[in-house]
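Given next are the chains, with one letter for each unit.
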Amino acid sequence: MINTDKLEGADKPYIIHHLWVPRDLVCYPGAEKMVTRIVDLRSDTVTKPTEAMRAAMANAEVDDDVLGHDPSCFRLETEIAKILGKEAALFVPLGTMANLISVLVHCDIRGSEVILGDNSHIHIYENGGIATLGGVHPRTVKNNDDGTMDIHLIEAAIRDPKGELVYPTTRLICLENTHGNSGGRCLSVDYTDRVGEVAKRHGLKLHIDGARIFNASIALGVPVDRLVQAADSASVCLSKGLGAPVGSVIVGSNSFITKARRVRKTLGGGMRQVGILCAAALVALQENVEKLESDHRNARFLADGLNEIKGLRVDTSCVETNIVCVEIEEDSQTTAAKLCKDMEDYDILLMAMGSSRLRIVFHHQISSSDVHYALSCFQHSMNGVRNENDS
Amino acid sequence: MVAEKCNFKENMVTRIVDLRSDTVTKPTEAMRAAMASAEVDDDVLGNDPTALRLETEMAKTMGKEAALFVPSGTMGNLICVLTHCDVRGSEVILGDNSHIYIFENGGIATIGGVHPRPVKNNDDGTIDIDLIEAAIRDPMGELFYPTTKLICLENSHANSGGRCLSVEYTDRVGKVAKKHGLKLHIDGARIFNASVALGVPVDRLVQAADSVSVCLSKGIGAPVGSVIVGSKNFIAKARRLRKTLGGGMRQIGILCAAALVALQENVGKLESDHKKARLLADGLNEIKGLKVDVCSVETNMIFIDIEEGSWTTAEMICKYMEERGILLMQESPSRMRVVLHHQISATDVQYALSCFQQAVKGVQNEIGI
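Being a predicted model, the structure only gives us computed values, none of them experimental. (Residues numbered from 1 in each chain as written. Chains lettered and ligands numbered in written order. Predicted model: local features only at pLDDT ≥ 70, side-chain atom pairs only at ≥ 80, totals over all residues. Heavy atoms only, no water.)

Peer 1: How do you make sense of the packing of aromatic side chains when you look at a structure like this?
Peer 2: Describing an aromatic ring pair means giving the distance of the ring centres and the angle of the ring planes. Applying the stated rule across the entire model yields three aromatic pairs over all chains. For the ring pair Y125(A) and Y145(B), a centre distance of 5.8 Å and an interplane angle of 20 degrees mean the geometry is stacked. Of the two residues, Y125(A) sits in helix 4 (residues 121–125) while Y145(B) sits in the loop between helix 6 (129–135) and strand 5 (147–154), which places them in two different chains. Owing to a relative accessible area of 19%, Y125(A) belongs among the buried residues under this scheme. The buried category is assigned to Y145(B), whose relative accessible area is 18%. Aromatic side chains Y167(A) and F103(B) sit 5.6 Å apart centroid to centroid with 20 degrees between the ring planes, which places their arrangement in the stacked category. (Phe/Tyr/Trp six-rings, centres within 6.5 Å; stacked < 30°, edge-to-face > 60°. Helix = DSSP H or I, 4+ residues; strand = E, 2+ residues; numbered from the N terminus. Buried < 20%, exposed > 50% of the residue type's maximum accessible area, 1.4 Å probe, protein only.)

Peer 1: Can you walk me through the sheet that holds strand 12 (residues 351–352) of chain A in this structure?
Peer 2: Paired through their backbone hydrogen bonds, the strands of a sheet run either parallel or antiparallel. All names here are of chain A. Strand order in the open sheet formed by four strands is 9-10-13-12, with antiparallel pairing between adjacent strands. If you trace the sheet from one side to the other, it starts and ends with strand 9 (312–313) and strand 12, each paired once. Examined bridge by bridge, strand 10 (residues 323–328) and strand 13 (residues 357–361) share five bridges and lie antiparallel to one another. Note that in strand 13 the partner of I323 across the bridge is V361. Across the sheet, helix 13 (residues 336–345) touches strand 9, strand 10, strand 12 and strand 13, and the angle it forms with strand 13 is around 40 degrees. (Pairing = 2+ DSSP bridges. Contact = heavy atoms within 4.5 Å. Axes fitted to C-alpha atoms, helices over the stretch in contact; angles between N-to-C directions.)

Peer 1: I keep staring at the layout of surface pockets and nothing clicks. Help me out?
Peer 2: Empty space among the atoms can be located by rolling a probe the size of a water molecule over them. All names here are of chain B. If you add up the space inside the second largest pocket, you get close to 360 Å³. The wall of the second largest pocket is formed by 22 residues, among which H84, K149, G181, L182 and K183 lie closest to the centre. Broken down by class, the residue content of the lining of the second largest pocket amounts to six nonpolar, eight polar and eight charged. (1 Å grid on protein atoms, 1.4 Å probe; cavity = no way out; pocket = protein on both sides within 12 Å on 5 of 7 lines; lining within 4 Å. Points joined across faces, edges and corners; volume = space filled by probe spheres on them. Nonpolar A, V, L, I, M, F, W, Y, C, P; charged D, E, K, R; others polar.)

Peer 1: Sorry if this is basic, but what is going on with the UniProt feature "modified residue: N6-(pyridoxal phosphate)lysine" (unreviewed entry) in chain A here?
Peer 2: All names here are of chain A. As recorded in UniProt, the sites labelled "modified residue: N6-(pyridoxal phosphate)lysine" (unreviewed entry) are K240. Take K240: its relative accessible area is 15%, and that puts it in the buried class. Excluding its chain neighbours within four sequence positions, the residues that come into contact with K240 are D44, T45, T47, A211 and R212. (UniProt positions renumbered as here; feature names shortened; annotations may be inferred.)

Peer 1: Teacher, can you tell me more about the confidence of the model for chain B here?
Peer 2: The predicted coordinates should not be examined in detail at positions where pLDDT is low. Residues and elements named next belong to chain B. Residues at a pLDDT of 70 or more form 95% of chain B, whose mean pLDDT is 92. Across residues 1–11 the pLDDT falls below 50, and counting only partners more than four positions away or on other chains, this stretch makes 11 contacts in the model. Overall fold confidence for the complex sits at a pTM of 0.82, while the interface term, ipTM, reaches 0.74. (pLDDT = per-residue confidence, 0-100.)

Peer 1: Explain the UniProt feature "domain: Aromatic amino acid beta-eliminating lyase/threonine aldolase" (unreviewed entry) in chain B to me, please; I cannot follow it from the model alone.
Peer 2: In the UniProt entry, the feature "domain: Aromatic amino acid beta-eliminating lyase/threonine aldolase" (unreviewed entry) is given for residues 18–305 of chain B. Helix makes up 42% of residues 18–305 of chain B and strand 17%, whereas the separation of the span's terminal C-alpha atoms amounts to 19 Å.

Peer 1: Teacher, can you tell me more about the pattern of salt bridges here?
Peer 2: One side chain can pair with another of opposite charge once the charged atoms of both are near each other. Residue and element names in this part refer to chain A. Evaluation of the coordinates by the stated rule reveals 32 salt bridges over all chains. With a shortest N-O distance of 2.8 Å, E155 and R201 are connected by a salt bridge. Within this pair, whereas E155 is found in helix 6 (residues 151–157), its partner R201 is found in helix 7 (residues 189–201), the two being separated by 46 residues in sequence. On the accessibility criterion, E155 (28% relative accessible area) is partly exposed. The exposure class of R201 is exposed, given its relative accessible area of 56%. (Salt bridge = Lys/Arg side-chain N within 4 Å of Asp/Glu carboxyl O.)

Peer 1: In this structure, what is going on with unusual backbone geometry? I would like to understand it.
Peer 2: One can expect most non-glycine residues to show negative phi and most peptide bonds to be in trans. A cis amide bond links N177(A) with the next residue in sequence, T178(A), at an omega value of 0 degrees. Residue S156(B) follows N155(B) across a cis peptide bond; omega there is 0 degrees. Mapped onto the secondary structure, S156(B) falls in the loop between strand 5 and helix 7 (167–179). For N105(B), which is not glycine, the phi dihedral falls at a positive 55 degrees. Note that N105(B) resides in the loop between helix 4 (99–103) and helix 5 (107–110).

Peer 1: Is there a simple way to think about the interface of chain B and chain A in this case?
Peer 2: Quite often, the size of an interface is put as the accessible area lost when its parts meet. Across the boundary between the two partners, chain B contributes 24 residues, which contact 24 residues of chain A. Interface area, chain B with chain A, both sides summed: about 1900 Å², of which 56% is carbon and sulfur. Where chain B packs against chain A, one counts zero salt bridges. Taken together, the links from chain B to chain A amount to 16 residue pairs in polar contact (both at pLDDT 80 or more). Counting only elements with at least two residues in the side of chain B that touches chain A, the list comes to helix 4, helix 5 and strand 4 (115–119) of chain B. Per element, the largest residue contribution to the side of chain B that touches chain A is four residues, and it comes from strand 4 of chain B. Looking at side-chain class alone, the side of chain B that touches chain A contains 12 nonpolar, seven polar and five charged residues. (Buried area = accessible area lost by both parts, 1.4 Å probe. Polar contact = N/O pair within 3.5 Å; in protein donor to acceptor, adjacent residues only side chain to side chain.)

Below you can see the structure in the form of structure tokens.
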């Protein structure tokens, strides 16, 4: 091991784990045989099961969850329903299915319409399934940069029953908290309650795509059940920041969940001895909710650091949870694709969103030293680009 | 000839001036005669000869290979979208203020399983081309995305007040579609109005489109029906879908005969509908309390807005006008729509204008202003 104390600045390798070697800075016998650690910042879905989860999965008490109730699944569903303040819950393989089931159950009459954000996950990234499989018509309303939709625009989008000869029937409003495409921004409990009031006033249901609702809860300092109180249903991911290997949960009333169970079966999401996955999810719930705060801290630290780098820009006031969106400035002579490739050479994986934007997502398996490493690699990379182009 | 409404003799025949829509046109004597003597046959088992004549003529007029008669514009659009988007998981790009998206019960999704991707309509009925391109799904994201298959335009654009899309704009959208391997469908319910207003032959106007739906029952004045036009291959598939939806009618030559008369007689009358609309629009804009964006009146449709701070509402005006035999469409608490057609005479227009003037004044008098 080299003595790092005398190295300065960019020469100081971020070797906290002995397996790390920034390749171009240190070269000694055996270096090429070192195992490199991948810093995967593409998404919080990449979290791998911990030892405790693997043990729980191996020992999980299981049964046929379709013919009856798998006991581990039952325990998970009971617990998460309680945490979210709803009557019942249902474990599903994926957030996309959770949203699809929720929309389809609320909109079970043909000719239904759902109001949702034009930049929401359901509208953009779920293959249009609510329409192509579910026959529900989406009515989009503009998402603001902070993830909200203007309440008067939501109201304006509600179909007047007097026009029913030519209109579909609005049945549901969907919100997304945190809002993925805005960079993980949080909807406040006041905003959510107000949308809930609009829904009630017009006899509509409210569904919250709460894939990262726990992040919102931590960031806002509001208990998660209070945050979704106005909603008739919510979908919550266990496989993202919470770190379970697989799964999401839908929560709602007893009658809603009963119908949801049936739609889940129809879609092919009814798994048998699913307790194996639920056991890991229970461990995740116990262990990882409190780690979300440090993911947010890491995000803010990196955001501040990146914003200082010439050629990059981060709207640091928008970094509320564990997601950072990085803009590449126009005159910087690089592209998102190129920067991603450069960073990949440092074993840092990022997601390019378009030609001049990157997304970085933090999770509990990213340490603060990973963050320092990433920041220095960004600096190195952007410096390199400038040097290339200045010469 | 003044409109015959006298309110002192209840049994006088009152002439209704129906400005709610151009769909209200009633069949003329010539149409009734044609319907009565139409040559017909079973159009499902074979070809109804009159339907065939209409479809052949429409295809030629629109510059496409084939045509299909359908009961309504909604079915025309539904069939076109579903035929272009026949693979599950399809997406169609269309205007957020288009008829298909707003007024067709969401059928492309609820019946057809096609995902709509709405893009902002500008006030003139166009959609920004760069926004259209941005809305096209990147095939590299197919794991999460539906697959864009189709772009829809609407000409003339109803919710903008009957405004026309130029042939240059249409061609440019057609190029974008081709570049990305997409189809282009034009909801041309009032395409003849656009053609007359722009002075562009209707086949040139839709040249870039793979399919068009055209209403015969609106300004053209037939009692029933629309026609879709496209390639032979497209129309063959469309025919099957029409049957599935329940739109395959048997001896429809009856309706097609009326439509043939309408095509012959009424396309030439559209220009005067536009003139009447402009006259009415100018007159309405002069009335204190009402506002009409007269430069937006390009065809046969007028949106009338009630100025802020005015004491009247659209509902009150509509009621007042109805009492005088004039029917309007209320769009919102402060907006009304009037649509001109060939069965509205120049005198009707004058009558309507004077009633509007009284309506606004009358309300003021009632409230004591």
